[in-house]
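# Chains, contacts and geometry: an overview
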Amino acid sequence: MKFIRILFIFAALLLITACADKEAKKEQKEEVVEAVKQEKKEKENVEYPVAATTPEEIVQQSKGIKAASVTKELMADFEAEGMTPDEIYNGLVHWFAQDYQDAYAQLRDFDPDYGELDITKGEENKVKNIAIHLDSSGSMAAAVPGGIKMDLSKGALKQYASGLPSDSLISLRVYGHKGTGNDSDKALSCSSTEMMYTASTYNEATFSSALEKFKPSGWTPLAASIQKAYEDLKATATDQTENILFVVSDGIETCGGNPVEEARKLAESDLNIKVNIIGFNVDDAGQRQLKETAEAGNGEYFTVNSNIDLTNTIDQLLTDARKNYESNFKKAGLGTKVNFRLVEITDEIADLGYEFNDVIEEENSLLSDAAYELNLAEKISEEDHAAIEQLIEQRYESLRQFKETLLQEANEKNELKHQELISIITNS
């Protein structure tokens, strides 16, 4: 009796286990069926992003999501069932579109580089507008190595004026040339500042005559003379002039003025006047004031103690003044170089066009190969294949025309820059 009961229990367990296995298998089968249905549903719901149509939009697109080559195995995963040619074309572009952004940017932003030949980037060659102020106080009659300070100064100024570019405008003003160094003449001398050569280009006879009209006499009204420089220069100043006050002095202000402040006013004026000063055999106190005056006037200070020093300083000043002027003569030889550079840049632009075209050709080949594989695998009909190829061809031609437009614009930039440089050279 006990044995029968055990057999019954065992049979019941077997029955329960069998039922559980059957239920598990049923559930597993249902899961597989559901997965297949879901996969089929997902395939049926494939929707590729709409491809860009204009070249301006195409060149901004991201690269496709698939490999850079087309294979039979790869295209087996491409879903095309139930889709129109336009939708399939969208899918192909989504997979195989190429990245145009770098090639496009290089042509779009092309800026012709003429390097050192690009004289438009140099400093503007302005006409020198120079007011020369000469100290004619009594101390200028003193001797230094090489001669009398006044005689040496007049010779140096003549050298300077005659050596400037021929279109330079110069004037000559003297100060302290009246009265004497006596206290009784201080008022007269301190009020003495006079134009001797009215602003114009250099005329040797007239300038030499002006230098003979005065001699060393009285005190040193340096500040009063500097103050006059604004009106001296304004008479001939234009947007095309570089305005400079050139002072030759052998001493400190002795009339109670403030030359440093007056120089600062000139520098900060609408004429942006630069104050250059030569200190001729000046003591320490005089050097400090004259140097500070030049610095306040955004200019340079030079100290000289002999005729040799003076001559060398004038030569240096003339060298600086002639830099832009002499560069004009060098421009004549630039024409041929600029023409050669035009051709070189034209070739550079063509190379950029080839790079852009390589991207176009690569993409076109991938799209066509992919469409061919779909047709070969009978995933699309002959009719759909032809329609897709037409869309691919339209994309190809629009990009090629866009590339030609970019090339034309880049070449126009180059030609405009070339014409600008040639015009400057020709008219210099």
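The structure reproduced in this document is the subject of the present report. Counting restarts for each chain, with residues numbered from 1 along the sequence as it is written. At least 70 in pLDDT is required for a residue's local features to be given in this predicted model, at least 80 for side-chain atom pairs to be given and counted, and no such filter applies to totals for whole chains, interfaces and linings, which use all residues. Excluding hydrogens and water, the side-chain figures rest on all heavy atoms present in the structure.

Below, the discussion takes up the overall build of the protein. The secondary structure content of the protein amounts to 14 helices and 8 strands. The rule is simple: take the accessible area with a 1.4 Å probe, protein chains only, and divide by the maximum for that residue type; under 20% is buried, over 50% is exposed, in between is partly exposed. Counting all 428 residues of the protein, 42% fall into the buried class. Here, residues are in contact when the closest pair of their heavy atoms is within 4.5 Å. Intrachain contacts of the protein at a sequence separation of at least 6 include 82% that bridge at least 24 residues. Only carbon and sulfur atoms are counted for the fraction: they give 50% of the accessible area of the protein, which is about 23500 Å². Segments assigned H or I by DSSP are reported as helices when at least four residues long, segments assigned E as strands when at least two residues long, and all are numbered from the N terminus. Method for areas: the Shrake-Rupley scheme with a 1.4 Å probe, in which residue coverage is limited to the protein chains shown.

Time to look at the nonpolar core. Ranked by internal contacts, the top residues of the largest apolar core, which has 33 residues, are Tyr 160, Leu 172, Phe 246, Ile 278 and Ile 314. In terms of residue count, the dominant contributor to this core is helix 6 (residues 149–163) (6 residues). Residues contacting Ile 278, with those up to four places away along its chain left out, are Phe 246, Val 247, Val 248, Ser 249, Tyr 301, Phe 302, Val 304, Leu 310, Thr 313, Ile 314 and Leu 317. As used in this record, nonpolar core signifies buried Ala, Val, Leu, Ile, Met, Phe, Trp, Tyr and Cys residues forming a set joined through side-chain atoms within 4.5 Å. The next biggest cluster of nonpolar side chains, apart from the first, holds 26 residues, and it includes Ile 345, Tyr 396, Phe 402 and Leu 421.

This next bit is on the sheet that holds strand 6 (residues 241–249). A pair of strands is considered paired only if DSSP assigns at least 2 bridges between the two. Here 6 strands make up an open sheet; going across it, the order is 5-4-1-6-7-8 and the pairing mixed. With one partner strand each, in any of the chains shown, strand 5 (193–200) and strand 8 (301–304) form the two edges of the open sheet. When the angles between neighbouring strand axes are averaged without regard to direction, this sheet yields 15°. The angle between two axes is taken between their N-to-C directions and runs from 0 to 180 degrees, where each axis is a line fitted to C-alpha atoms and a helix contributes only its stretch in contact.

Each regular strand displays side chains that alternate between the two surfaces of the sheet. For strand 1 (residues 127–135), the tally of buried residues reaches 8 of 9 residues, placing the bulk of the element in the interior. Pairing between strand 1 and strand 6: 8 bridges, direction parallel. The residue of strand 6 that forms the bridge with Ile 132 is Phe 246. Bridge analysis of strand 1 against strand 4 (residues 169–175) gives 7 bridges, and the strand direction is parallel. Each residue of the ladder has a partner; that of Ile 130, found in strand 4, is Ile 170.

Take the packing of aromatic side chains next. Under the pairing criterion, centres of Phe, Tyr and Trp rings, with the six-membered ring standing for Trp, must be within 6.5 Å; the plane angle then separates stacked pairs below 30 degrees from edge-to-face pairs above 60, leaving the rest tilted. In total, this model carries 8 aromatic pairs according to the counting rule given. Measuring from ring centre to ring centre gives 6.0 Å for Trp 95 and Phe 96, while their planes differ by 65°; the resulting arrangement is edge-to-face. Across this residue pair, the class does not change: Trp 95 and Phe 96 are buried. Ring centres of Tyr 104 and Phe 402 lie 5.7 Å apart, and the angle between their planes is 35°; this geometry places the pair in the tilted category.

In what follows, salt bridge is the name for a side-chain nitrogen of Lys or Arg lying within 4 Å of a carboxyl oxygen of Asp or Glu. Counting across every chain of the model gives 14 salt bridges. When the shortest N-O distance is used, the salt bridge between Glu 242 and Lys 274 registers 3.7 Å. Of this pair, Glu 242 sits in strand 6 while Lys 274 sits in strand 7 (residues 274–280); the two residues are 32 residues apart in sequence, bridging distant segments of the chain. Here Glu 242 falls in the partly exposed class, since its relative accessible area comes to 24%. For Arg 395, the salt bridge is made with Glu 363, and the minimal N-O distance between the two is 2.7 Å. One end of the pair, Arg 395, is in helix 14 (residues 382–427); the other, Glu 363, is in helix 13 (residues 334–376), with 32 residues separating them in the sequence. The burial state of Arg 395 is the same as that of Glu 363; both residues are buried. A single salt-bridge network, built from bridges that share partners, covers Asp 118, Lys 417 and Glu 420.

Another aspect to go through is the packing of helix 10 (residues 259–267) against helix 11 (residues 284–296). Between helix 10 and helix 11, the least distance of the axes is 7 Å, while the angle of their chain directions is 20°. By the criterion of interaxial angle, the relationship of helix 10 to helix 11 is roughly parallel. Between helix 10 and helix 11 lies a crossing whose hand is right-handed. Contacts between helix 10 and helix 11 involve Pro 259, Val 260, Ala 263, Arg 264 and Ala 267 from the first element and Gln 289, Glu 292, Thr 293 and Ala 296 from the second. When grouped by side-chain class, the residues that make up the contact of helix 10 with helix 11 number 5 nonpolar, 2 polar and 2 charged. Each angle gets one of four labels, with under 35 degrees taken as roughly parallel, over 145 as roughly antiparallel, 65 to 115 as roughly perpendicular, and the rest as oblique. By definition, any crossing whose near helix is turned counterclockwise from its far helix by less than a right angle is left-handed, and any crossing with a clockwise turn is right-handed. Under the grouping applied here, Gly and all other residues not named as nonpolar or charged are polar, the nonpolar ones being Ala, Val, Leu, Ile, Met, Phe, Trp, Tyr, Cys and Pro and the charged ones Asp, Glu, Lys and Arg.

With that out of the way, let us pick up helix 13. Helical geometry: 3.6 residues make up each α-helical turn, so side chains three or four residues apart lie on a common side. Taking 1.5 Å per residue as the helical rise, helix 13 with its 43 residues ought to reach 63 Å, and the 62 Å between its terminal C-alpha atoms agrees with that figure. Trailing helix 13 by a residue or two, Glu 378 shows a phi angle of about 60°, which is positive. Here the expected span of a helix is defined as 1.5 Å times the quantity of residues minus one.

With respect to the element layout, Asp 118 can be found in the loop between helix 5 (101–108) and strand 1. Look at Asp 118 and you get buried, because its relative accessible area is 5%. When near neighbours in sequence (up to four residues on either side) are disregarded, Asp 118 contacts Lys 417 and Leu 421.

This part is about the environment of Glu 292. Here Glu 292 shows up in helix 11. For Glu 292, a relative accessible area of 45% gives the class partly exposed.

It is worth spelling out helix 4 (residues 85–96) at this point. For helix 4, built from 12 residues, the straight-helix expectation of 16 Å at 1.5 Å per residue is met to within 8% by its first-to-last C-alpha distance of 16 Å. Counting buried residues along helix 4, 9 of its 12 residues qualify, which places the element largely inside the surrounding structure. Taken as a whole, helix 4 has its buried residues at Pro 85, Ile 88, Tyr 89, Asn 90, Gly 91, Leu 92, Val 93, Trp 95 and Phe 96.

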